[in-house]
Amino acid sequence: MIKTAAQLAVMRESGRLLAQVFDMLDGCVAAGCSTLELDTAVEAFIRNDLQARPASLGQYDYPFCINTSINEVVCHGMPSARDVLKDGDIINIDITLEKGGFIADASKMYMVGTVAPKARRLVETTFEAMWAGIRQVKPGARLGDIGHAIQSHAQANGYSVVREYCGHGIGRQMHEEPQILHFGRPGTGLELREGMVFTIEPMLNQGSAKVRSLKDGWTVVTRDNSLSAQWEHTVAVTADGYEVLTLQRSSIP
């Protein structure tokens, strides 16, 4: 679980490149665009412009480079030519990138056109909840501190936290130990140590936390068809706190 300084330097580069993918997407996500077009654009940019590898493609036999989760889709939405973005949609785009043998993982919410105030509030509160968790990261803190901060912010704003999916350690493999729950009790769980690298990626629902999987074996939706939102960053534990490896400069809260 502990990365050396040299390994962390490689992961920092992977994260920097992944942030550039989202910089590119910022100008692409719009009404009238299909999620398959977004997937094609991301693959070309990662391979050709960044000389890196889209790490999700082929992982667990997944056939695309990105996940595109629209409105009531919680996670693992699959790109499709039939899924065309329309005004008022909210969409999470989840991307992994490998460079130099190490993987970075992040996701971002996009609001398409004029979004209803309730949907905007969910997106913004989920962003805040992710950062509430990130700010707990430092040597000596515990995983329960992260989960508690996220859960507290979500529930104080009237949202539920999806429990079936969590953050994870990351490095040479996309999914490593430990699991990062987005709920919990402060002062409990694994103690954080300098050199750990993991994702923090809360999923918040407007309604019930209950979810169900569709027949494609990937797409997860809210059971009550309420809206869901997610944000994600790859985070390293430093000597005195944290470093967000996948940070877009335009996304600093």
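Above this text sits the structure in question.
This write-up is about the structure you can find in this document. Numbering of residues starts from 1 in every chain and runs along the sequence as written. Local features in this predicted model are restricted to residues of pLDDT 70 or higher, and side-chain atom pairs are both shown and tallied only at a pLDDT of 80 or more, whereas totals for entire chains, interfaces and linings draw on every residue. Side-chain figures throughout are based on the complete set of non-hydrogen atoms in the structure, without hydrogens or water.

**Describing the overall build of the protein**
Think of it this way: any DSSP run of H or I at least four residues long counts as a helix, any run of E at least two long counts as a strand, and we number them from the N terminus. Along the protein, the regular secondary structure elements total four helices and 15 strands. Against the globule reference of 18 Å for 253 residues, the protein gives a C-alpha radius of gyration of 17 Å, in line with a compact fold. In this analysis, two residues are considered to be in contact whenever any of their non-hydrogen atoms come within 4.5 Å of each other. A separation threshold of at least 6 residues defines the contact pool for the protein, and within that pool the share at least 24 residues apart is 72%. Surface summary for the protein: the accessible area is close to 10,800 Å², and the carbon and sulfur share equals 50%. Positive residues here are Lys and Arg, negative ones are Asp and Glu, while His and the chain termini are left out of the count. For this purpose, a charge sits on NZ of Lys, CZ of Arg, CG of Asp or CD of Glu. Averaged over its 24 positive side-chain charges, the protein has a centre that lies 5 Å from the centre of its 29 negative ones. Only C-alpha atoms enter the radius of gyration, while the globule expectation follows 2.2 Å times N to the 0.38, with N the number of residues. Only the protein chains shown count as covering a residue, and every accessible area follows the Shrake-Rupley method with a 1.4 Å probe.

**Some details on the packing of helix H3 (residues 117-134) against helix H4 (residues 143-156)**
For helices, the axis comes from a line fit to the C-alpha atoms of the stretch in contact; other axes are also lines fit to C-alpha atoms, and the angle between any two N-to-C directions lies between 0 and 180 degrees. Running from N to C, H3 and H4 point in directions that differ by 155°, and their axes come no closer than 7 Å. When the interaxial angle is binned, H3 and H4 end up roughly antiparallel. Crossing handedness for the pair H3 and H4: right-handed. For the pair formed by H3 and H4, the contact residues are Thr-125, Glu-128, Ala-129, Ala-132 and Gly-133 on the first element and Ile-146, Ala-149, Ile-150 and His-153 on the second. Residue type decides the class: Asp, Glu, Lys and Arg count as charged, Ala, Val, Leu, Ile, Met, Phe, Trp, Tyr, Cys and Pro as nonpolar, and the leftover types, Gly among them, as polar. Of the residues assigned to the contact of H3 with H4, the class counts are five nonpolar, three polar and one charged. Roughly parallel covers angles under 35 degrees, roughly antiparallel covers those over 145, roughly perpendicular covers 65 to 115, and oblique covers all other angles. Crossing handedness follows the turn of the near helix against the far one: under a right angle anticlockwise gives a left-handed crossing, and clockwise gives a right-handed one.

**Considering the sheet that holds strand S10 (residues 203-205)**
Two pairing modes exist for strands in a sheet, parallel and antiparallel, and in both the strands are linked by backbone hydrogen bonds. When DSSP locates at least two bridges between a pair of strands, those strands are taken to pair. Taken in spatial order, the three strands line up as S6-S10-S13 in an open sheet, and their pairing is antiparallel. Bordering the open sheet on either side are strand S6 (160-161) and strand S13 (228-230), each of which pairs with just one other strand. Relative to S10, S6 runs antiparallel, the two being bridged by two bridges. Following the sheet pairing, Ser-160 is matched in S10 by Asn-205.

**Let's talk about the side chain of Thr-238**
Structurally, Thr-238 is set in the loop between strand S14 (233-237) and strand S15 (242-244). For Thr-238, a relative accessible area of 16% puts it in the buried group. For Thr-238, the side chain forms a polar contact with the main-chain nitrogen of Tyr-242, separated by 3.3 Å. Apart from the residues within four sequence positions on either side, Thr-238 is in contact with Pro-139, Glu-194 and Glu-243. The classification of residues rests on relative accessible area computed with a 1.4 Å probe and restricted to protein chains. Under 20% of the type maximum is buried, over 50% is exposed, and intermediate values are partly exposed. Here a polar contact is taken to be a pair of N or O atoms separated by no more than 3.5 Å, where protein atoms must pair a possible hydrogen donor with a possible acceptor and residues adjacent in sequence count only if both atoms sit in side chains.

**Here's the deal with the nonpolar core**
Proteins that are soluble and globular tend to have nonpolar side chains buried together. Counting 32 residues, the largest nonpolar core has Ile-90, Val-137, Ile-146, Leu-192, Phe-198 and Ile-200 as its most contacted members. Secondary-structure elements contributing two or more residues to this core are H3, H4, strand S9 (197-200) and S14. Per element, the largest residue contribution to this core is eight residues, and it comes from H3. If sequence neighbours within four positions are ignored, Ile-146 has contacts with Gly-133, Gln-136, Val-137, Ile-180, Leu-192, Phe-198 and Ile-200. The definition of a nonpolar core used throughout is a set of buried Ala, Val, Leu, Ile, Met, Phe, Trp, Tyr and Cys residues joined through side-chain atoms within 4.5 Å.

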